[in-house]
Amino acid sequence: MMKKVLLPAVISLMMSALAVPVSAQTDEFILDYDGYLTAAQKAELDQEAQEILQETGYSVLLLLDETNTGSLIDYAMSEYNAHAPSADGIILAVDADEYYVYPAGNAAQYVDDAESDRLWNAFLCDEDIYECVEGYLDYAEDLFGQHKIPVTPSETSAERMTDFTGKLDSSQLTALIQKMDAVSTEHGITVAGALTDTLDGIDVQTYADRFFDLNDLGYGPTDSGILLLISEAEREFAFSTKGKAIGAFTTAGQEYLIKQLKSDMSKGNYYKVFDAYTDLADQFLVQAETGKPYDKGNLPKKALSLIWIPLSLLLGALGALLPTGAMKSQLKSVYTKEKADSYVVKDSVNIGVSRNRLIDTVITRRKIDRKSSSEGSETHTTDGQTHGGTHGKF
Amino acid sequence: MTTISEYKCPNCGGPLEFSSEKQKLCCPFCDSEYTVEEFNAAPLQTTVSEDDSWNGVIEAGQWDDSELAGLAEYICRSCGGTILTDKTTASATCPYCDNPVVMNDQVSDALKPEYVIPFKLNKDAARAEFEKHLLGKKLLPKAFTEDNHIDEIKGIYVPYWIFDADVDAKFSYDAKTENTWKENDEEVTETKTFKLFRRGTLRFEAIPVDASVKMPDDMMESIEPFDLSEAAAFNPGYLAGYSADRYSIGTDETIERARERLERSTRDIFLDTVSDYTDVQETFSQIIPDIQARYVLYPVWILNTVWNDKTYTFAMNGQTGKFVGDLPIDQSAYRKWFALYGAGIAAAVYLLANLLH
């Protein structure tokens, strides 16, 4: 991925730029250490990169530093990690001798050597540096636009319930948001939900974890929360937990939640799913605050269905037939005798011929299912972030 | 010519009755006792001939021809009273003077039974068994026990055909065996299919089928078994004091019942020889019994009672004491117990469901 640049071309580009000091910003995407861009130009380009992030979920950075003498790969990686707001994205690093495109996180699956060359070619132009950077950003926007992870607009706070499918009407969405807000505030742990139309080829657990992180759903300094993400097209769902929610929603607890919600998920009753999920999450958080979160051997007891009342009565009536039948049979003692066992002369039975012929033998084999279950919460890392969670299909 | 025998005490002339306790003919007046064999040694027994005018028909005009055809009339020589019975009655009591009489023609020649099992239990034992029969029955109406009195207790010698059979039988079966074991992470099942063949013989003795149309068959079967080893060679003396009938159903009609019973028993016995196999299906059977019949009299106490305008009949095996008879049911008691048990079981089911939920 690291390429030797055509030095004269680069020099000509740089010569055409005005040398301006680089000013620092909060979200810095354009790292112009050489000062080719004016402050205003840099601000505009940072803004453009910010929009790309919001639209696609990918950070697109540019590093210009002709003073670099060390490994450009290491330099690119460290600058990306220092400045990129998201774990997924790219940085095009250019020093005096070469260029390198470092893809981070999910971007790695889309940016190979050929794509790196195209990104570099997009940067190369006959215009001034501003136009070149714009060309690079435009190309990156197109590239990642095809593989975007939805992120809520930065102007509004990340809503706890997001619907990208339009299946929930506004009143349902509002009601869910209010409920989730109330539960989250009460327990200091975010309870969030997301309904998306497609995963765009991304693994559902990774998608949920990244959605959680990208949308900053975590509550407080521990970044705690649980997200239920459902994707309509793939019919997959995932729980993503972080911070204190990892302990509150154990693996067994999440399996219990899945059992309660799966039927409505399959039927597409999404409002019912998220509403029930919020109530259950509240119940789980209350339990977790006692110090004994719901886990294997300690799962919530649902109220016994009302059907058990008539069922018990029916079984009672059927069961009562036995003892009362026995009482009734005491009154009857006159029966015909069907056999003559008492009249068989002792030792008179003589089986003279006894033959047993084997006709065939059949052997069948069956694999024994081994179900393993564990207590506690299993965790994994996504883009360097620790999450708990489970996923499945419906 | 029809003759009846009256068993009169040689000592005092009183009517002798066969005693189940003493197994002898006893006089209730002078307490004299005679074995049947002693009494049979002439001239102890009084055999009285009937007038030739007897033709079994009463000329009083109270009966129609079809009824009269089934009746027989005897004159009691003790009191002159008329003893009217049906034609199959072999022993009776004079309704006027209680004199026991035996109708010899009903128990002689071709109609003579081979054996008789004498009564071993008396009327008091029958009454006691009846009282015991009523005990511990939660659904028996209390009024039945309190108001009840036995209207009639009668000791009857019931005629039976008993069948002996030498049976030759063959059976074929389809059957399987199944073994299961674990190999690593697999459950392995081995199923073997077999064709089984059995042939053998067995003997049945004394399968009883009651030969009286008057006695309910199911009731007579319910008081089985009778122990033929206690039977005596028939002598009319055993009948004195008891009622008796000669057979009214012949062997042709009763042999089928015996055959049904012995075939079922034979089938079970042979099936037992393949009990190590599972899924046994009988594919062929042949049961050939060689059956002989014998004619015997067995002792039975019959008790009748009327309650709520319905007659309830009970029977006791006069040899073993086995007592049978269906009793009425107290419907309100049944409903009460049903509700109690039903409520209890329903509550238990609901609690268990809650616990396991």
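Everything numeric here is computed off the predicted structure, so don't read it as measured data. (Residues numbered from 1 in each chain as written. Chains lettered and ligands numbered in written order. Predicted model: local features only at pLDDT ≥ 70, side-chain atom pairs only at ≥ 80, totals over all residues. Heavy atoms only, no water.)

Check the secondary structure of chain B and you find seven helices and 17 strands. Within chain B, the fraction of its 357 residues that count as buried is 47%. Contacts in chain B between residues at least 24 apart in sequence constitute 70% of all its contacts with a sequence separation of at least 6. Accessible surface computed for chain B: about 17,200 Å², of which carbon and sulfur atoms make up 48%. (Helix = DSSP H or I, 4+ residues; strand = E, 2+ residues; numbered from the N terminus. Buried < 20%, exposed > 50% of the residue type's maximum accessible area, 1.4 Å probe, protein only. Contact = heavy atoms within 4.5 Å. Areas by Shrake-Rupley, 256 points an atom, 1.4 Å probe, with all protein chains shown as cover.)

Residue and element names in this part refer to chain A. Summed over the entire model, instances satisfying the criterion amount to 33 aromatic pairs over all chains. Geometrically, the ring pair formed by Tyr58 and Phe144 is stacked, given 4.4 Å between the ring centres and 15° between the ring planes. Separated by 86 residues along the polypeptide, Tyr58 in the loop between helix H2 (39–56) and strand E3 (59–64) and Phe144 in helix H5 (residues 129–145) bring together distant segments of the chain. When its relative accessible area of 0% is taken as the criterion, Phe144 is described as buried. Centroid distance Tyr256 to Phe284: 6.2 Å. Interplanar angle 35°. Geometry classified as tilted. Of this pair, Tyr256 sits in helix H9 (residues 251–267) while Phe284 sits in helix H10 (residues 270–288); the two residues are 28 residues apart in sequence, bridging distant segments of the chain. Each of the two residues, Tyr256 as well as Phe284, counts as buried. (Phe/Tyr/Trp six-rings, centres within 6.5 Å; stacked < 30°, edge-to-face > 60°.)

Residue and element names in this part refer to chain B. One finds Phe144, Tyr157, Phe204 and Leu303 to be the most contacted residues of the largest nonpolar core, which totals 67 residues. Counting only elements with at least two residues in this core, the list comes to helix H1 (36–40), helix H3 (123–133), strand E11 (152–183), strand E12 (186–210), helix H6 (251–272), strand E15 (278–307), strand E16 (310–317) and helix H7 (331–356). In terms of residue count, the dominant contributor to this core is E11 (ten residues). In terms of domain composition, this core takes at least three residues from each of domain 1 (3–112) and domain 2 (123–326). (Core = buried A, V, L, I, M, F, W, Y, C linked by side-chain atoms within 4.5 Å. Domains from an automatic or database assignment.)

Residues and elements named next belong to chain B. Across eight bridges, the pairing between E15 and E16 is antiparallel. Along E16, the bridge assignment pairs Trp307 with Lys310. As consecutive antiparallel partners, E15 and E16 are separated by two residues, and within that stretch Asn308 has a phi angle of approximately 50°, a positive value. Relative to strand E17 (residues 323–324), E16 runs antiparallel, the two sharing two bridges. Bridging from a neighbouring strand, Met316 pairs with Phe323 of E17. (Pairing = 2+ DSSP bridges.)

Below, the discussion takes up a nonpolar patch on the surface. Where nonpolar side chains cluster on the molecular surface, the patch consists of A:Leu311, A:Leu314, A:Leu315, A:Leu318 and A:Leu321 and spans about 420 Å² of accessible area. Here A:Leu315 is to be found in helix H11 (residues 308–330). (Patch = residues over 30% accessible without salt bridge, like charges linked within 9 Å, V, L, I, M, F, W, Y side chains within 5 Å. Salt bridge = Lys/Arg side-chain N within 4 Å of Asp/Glu carboxyl O.)

Its 22 residues give H6(B) an end-to-end C-alpha distance of 31 Å, which sits within 8% of 32 Å, the value for a rise of 1.5 Å per residue. Looking at H6(B), one finds that the buried residues are B:Thr254, B:Arg257, B:Ala258, B:Arg261, B:Leu262, B:Ser265, B:Thr266 and B:Phe270. Contacts from the buried residues of H6(B) go to strand E10 (350–367) of chain A together with E11, E12, helix H5 (217–222) and E15 of chain B. (Expected span 1.5 Å × (residues − 1).)

Residue and element names in this part refer to chain A. For helix H3 (residues 72–83), spanning twelve residues, the distance from its first C-alpha to its last is 16 Å, which sits close to the expected 16 Å at 1.5 Å a residue. Listed as buried for H3 are Leu72, Tyr75, Ala76, Glu79 and Tyr80. The buried residues of H3 all sit within an arc of 130° when viewed along its axis, so they share a single face. Residues of H3 that are exposed and angled more than 90 degrees away from the buried face: Asn81 and Ala82. On the buried face of H3, the contacting elements are strand E2 (30–32), E3, strand E4 (89–94) and strand E5 (98–104). (Arc of directions from axis to C-beta.)

Now for the confidence of the model for chain B. Residue and element names in this part refer to chain B. For chain B, the mean per-residue pLDDT works out to 83, and 84% of the residues sit at or above 70. Mean pLDDT across the elements of chain B bottoms out in strand E5 (residues 46–49) (43) and peaks in E17 (96). The low-confidence segment residues 42–64, where pLDDT is below 50, has 44 contacts with residues more than four positions distant or belonging to other chains. (pLDDT = per-residue confidence, 0-100.)

Another aspect to go through is the interface of chain A and chain B. How large an interface is tends to be reported as the accessible area lost when its parts come together. If you look at the interface, chain A gives 55 residues, while chain B gives 71 residues. Between chain A and chain B, roughly 5,700 Å² of surface is buried when both sides are summed, and carbon and sulfur atoms account for 58% of that area. Taken as a group, A:Leu331, A:Lys337 and A:Tyr343 account for 14% of the area that chain A buries against chain B, more than any other trio of residues on that side. Taken together, the connections running from chain A to chain B amount to seven salt bridges. For the salt bridge of A:Arg366 with B:Glu187, the shortest nitrogen-to-oxygen distance reads 3.5 Å. On inspection of chain A and its partner chain B, the count reaches 36 residue pairs in polar contact (both at pLDDT 80 or more). Elements with a contribution of two residues or more to the side of chain A that touches chain B: H11 and E10 of chain A. Within the side of chain A that touches chain B, the residues separate by chemical class into 26 nonpolar, 14 polar and 15 charged. (Buried area = accessible area lost by both parts, 1.4 Å probe. Polar contact = N/O pair within 3.5 Å; in protein donor to acceptor, adjacent residues only side chain to side chain. Nonpolar A, V, L, I, M, F, W, Y, C, P; charged D, E, K, R; others polar.)

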